[in-house]
Amino acid sequence: QTFSHQQDVETGLRGYVISGDARHLAPYYTARDNVGSDLEELRRMTANDPVQRASVEELAGLATTRIEVADETLALRRDEGFEAAQGLILADQGEQVIGQIRDVIVRIKNRESARRAELSAGANSVAQRTKYVIIGGASLVLLVVLMAIVSINQQLGARQRAVKELDGFFTLSL
């Protein structure tokens, strides 16, 4: 959203510079007010990642610079007219800063994507190990049950033989 708000700053600025109509400044002021909260949210989200946090601070500096350039352009348009503001716009200082902002945002997004891929790979690894533990545990339970069945069958067989022997003994005794 930070980049979107920077684009809104640019849109409002250009609309005002071209027309001189202050109504075009509504998106400019709205976006300008939101940039700070966007950056605070990014700071909160990157509190545990020093590399990302440094990128967010770089982004904050660039956003401040871009707003300062925009404010200067607005003041020139208001105080000295279209040509003065046009000269500053044609110097491309604002576009250069927007390009740097775009680069930092891409770097932040790429690092976040890489971090998510690492987390996903870690989760997949844990899931795989869990699957093996479950399969191993189920196999062990099955083995214990089979051993119990074999033991029960052996005991039943021994009991049946003992019953036959006793039947035979009682038959001989009578």
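Please refer to the structure placed before this passage.
What comes next is a walk through the structure. No experiment lies behind these values; they were computed from the predicted model shown. (Residues numbered from 1 in each chain as written. Predicted model: local features only at pLDDT ≥ 70, side-chain atom pairs only at ≥ 80, totals over all residues. Heavy atoms only, no water.)

Before going further, it helps to examine the side chain of R43. Along the polypeptide, R43 turns up in helix α2 (residues 26–45). With a relative accessible area of 16%, R43 lands in the buried category. Side chain to side chain, R43 and E57 meet in a polar contact 2.7 Å long. Excluding residues within four positions of it along the chain, R43 makes contact with R53, V56, E57 and A60. (Helix = DSSP H or I, 4+ residues; strand = E, 2+ residues; numbered from the N terminus. Buried < 20%, exposed > 50% of the residue type's maximum accessible area, 1.4 Å probe, protein only. Polar contact = N/O pair within 3.5 Å; in protein donor to acceptor, adjacent residues only side chain to side chain. Contact = heavy atoms within 4.5 Å.)

Should their charged atoms come close, side chains of opposite charge can pair. Within this structure, the stated rule accounts for twelve salt bridges. R53 is the salt-bridge partner of E57, the closest N and O atoms lying 3.4 Å from each other. Here E57 pairs with R53, and both are found in helix α3 (residues 50–80), just four residues apart, close to one helical turn. Counted as one network, the salt bridges with shared partners bring together E40, R43, R53 and E57. (Salt bridge = Lys/Arg side-chain N within 4 Å of Asp/Glu carboxyl O.)

Here the focus is the packing of α3 against helix α4 (residues 82–90). Two numbers describe how α3 lies on α4: the axes approach to 6 Å, and their chain directions differ by 155 degrees. Between α3 and α4, the interaxial angle falls into the category roughly antiparallel. Contacts between α3 and α4 pair V69, E72, T73, L76, R77 and E80 from the former with F82, A84, A85, L88 and I89 from the latter. Considered class by class, the residues forming the contact of α3 with α4 number seven nonpolar, one polar and three charged. (Axes fitted to C-alpha atoms, helices over the stretch in contact; angles between N-to-C directions. Parallel < 35°, antiparallel > 145°, perpendicular 65-115°, else oblique. Nonpolar A, V, L, I, M, F, W, Y, C, P; charged D, E, K, R; others polar.)

Below, the discussion takes up the packing of α2 against α3. At a closest axis distance of 10 Å, the pairing of α2 and α3 adopts a crossing angle of 170 degrees. Between α2 and α3, the angle falls in the class roughly antiparallel. Both α2 and α3 take part in a crossing whose hand is left-handed. Each of Y28, R32, V35, L39, L42 and R43 in α2 lies in contact with α3, whose residues at this interface are R53, V56, E57, L59, A60, A63, I67, A70, D71 and L74. When the residues that make up the contact of α2 with α3 are grouped by side-chain class, the tally is eleven nonpolar, no polar and five charged. (Left-handed = near helix turned anticlockwise from the far one by under 90°.)

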